[in-house]
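Summary of structural features
One-letter residues, chain by chain:
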Amino acid sequence: MKNREQFSGNLTIIMAMAGSAIGLGNIWRFPYIVGEYGGAAFIIIYFLACLIIALPIFFAESVIGRRGGMDTFGSMKKLAPGSKWYKVGMLTIISPIIILSYYSVVGGWSIHYLLESFGGALGQETGHFGEFISSVEAPILAHTVFIALVAAIVLAGVKKGIEKFSKYTMPVLFILILVTVIYSLTLPGAGRGVSYLVKPDFSKLTAQAFTAAVGQAFFSLSLGVGTVLTYASYMRKKDNMLLSGVGTASFDLIFALLAGFAVMPAVFAAGLSPASGPGVVFETLPYIFSKMGSGAAWITICVSGIFFLAVLMAALTSAISMLEVGVAYLVEEKHLKRSRAVLYLSLFAWSVGLLCSLSFGPLADVTILGNSIFDFLDKLCSNWLLPFGGLLFTIFVGWKMPSADVLEEFSNNGKKPLNVRLYPALRILMRYVAPIGIMIIFLNSILGDLS
Ligand code: TRP
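Residues numbered from 1 in each chain as written. Predicted model: local features only at pLDDT ≥ 70, side-chain atom pairs only at ≥ 80, totals over all residues. Heavy atoms only, no water.

Looking only at helices and strands, one finds 18 helices and two strands in the chain. Its C-alpha radius of gyration of 21 Å places the chain within 12% of the 22 Å reference for a compact globule of 451 residues. Taking the principal axes of its C-alpha atoms as reference, the chain extends roughly 60 × 50 × 45 Å. Counting over 451 residues, the chain shows a buried share of 59%. Within the chain, contacts between residues at least 6 apart in sequence are counted, and of these 84% link residues at least 24 apart. Carbon and sulfur atoms form 69% of the exposed surface of the chain, whose accessible area is close to 17,500 Å². Counting 31 positive and 23 negative side-chain charges, the chain places the averaged centre of each group 13 Å from the other. (Helix = DSSP H or I, 4+ residues; strand = E, 2+ residues; numbered from the N terminus. Rg over C-alpha atoms; globule rule 2.2 N^0.38 Å. Buried < 20%, exposed > 50% of the residue type's maximum accessible area, 1.4 Å probe, protein only. Contact = heavy atoms within 4.5 Å. Areas by Shrake-Rupley, 256 points an atom, 1.4 Å probe, with all protein chains shown as cover. Lys, Arg positive; Asp, Glu negative; His and termini not counted. Charge placed at Lys NZ, Arg CZ, Asp CG, Glu CD.)

Below, the structure is given as structure tokens:
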């Protein structure tokens, strides 16, 4: 383990982890789910889901990663020698690369839209989005550029690539989204979008809403596939795990709320109905920005450019975290050179992504269990692989590792008094509450997939 890289400190860890957490999930899924399941009422449940299910799993992954000090396989082998637990590592090789494949397709769209914004070509007509994603060359080219960017950053290393990129990107990202929020809120009729997000409707808090909250918290905090574990393995022994977890989750939530206030007021101002998925971000918003803005044309162009730049940056900092998991594995377990590991994995993700991209066009008729290739992979990961991975991590830390070891790691050998004080509660959450919460999602997915 000579020369293993480390993040420079608490703040940079939070930037890198928040970079992973804040992504497309915050921008296109969160605002919609909030509106759909009762506005402020849902935000309360989401907050609770983060607190009692997602954060404990975040800490479970952090404990394994930092104590093991290696990739998923290596860390688990070290913490449970002789057992079969290290096989959980399999999941963390497959899942993040699958997510990267389809995530990069959408990342590519944001590059395309960014360029089009500045060319002033966006928003002239609706229907543009459908035409674009179902075409062959343009989205594939954009997807290729996106993967190449991700590969280049990861290739540069943990400190010079991931840390540096996240450190500069994250503050800029917050400024960009704030500008969009302000613009959105000044559109005539924006008020209805605001009330859609904040007006609490407790009658909508169904079992479905609960599952949606947990699922979103999982995806948003990048849990269950070894991303947090791998990043935590680059954390110094003296840094505070409690701080990095709470910091990451707070930034993630704040950004999700900001994205809500950027998207929904604009949608309502245009008299459209909110919908989930990429359509809102890539079709509705450019149209609205160009049609509703009262200012000069250049303002519109700037706002849509700013918005898509934010989408792109958010997507990049997440995508690098997906690639790093597999790269760490290949470098540490298979002794590959970093450059080769990056090359193989990004080529693989690129090829699978190709199929995902084509599944909006020529391959639209190819379905797997009734879903397009893109949707199938997204559902496979979001509904099954992520929660399954999270379940295994929390059981490992809650039931397999000696409690004293977990406490020692979580509290830096007892040097962080608040961590020591919170540990008994955390242990209950890791052993009982989080696993049961995940089982409930599974039950719901099984029932949902069967019906
Ligand atoms: N959290 C990111 C988002 O909300 C996506 C992401 C990054 C992710 N790394 C992950 C999701 C690992 C699951 C697992 O867009």
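We now examine helix α12 (residues 241-269). Here α12 spans 42 Å end to end across 29 residues, near enough to the 42 Å set by a 1.5 Å rise per residue. The element α12 is extensively covered by neighbouring structure, given that 22 of its 29 residues are classed as buried. Among the residues of α12, the N-terminal cap falls to N240, whose side-chain oxygen and the backbone nitrogen of L242 are separated by 3.0 Å. A positive phi of about 70 degrees marks G271, the residue just after α12. (Expected span 1.5 Å × (residues − 1). Polar contact = N/O pair within 3.5 Å; in protein donor to acceptor, adjacent residues only side chain to side chain.)

A few words now on the site of the ligand. In the vicinity of the ligand there are 17 residues, among which A21, L24, G25, Y103 and F219 approach most closely. The separation between a nitrogen atom of the ligand and a polar main-chain atom of A21 is 2.9 Å. Here S222 contributes a side-chain N or O atom positioned 3.1 Å from a nitrogen atom of the ligand. Look at the ligand: alone it shows 370 Å² of surface, and the protein chains cover 100% of it. (Near = heavy atom within 4 Å.)

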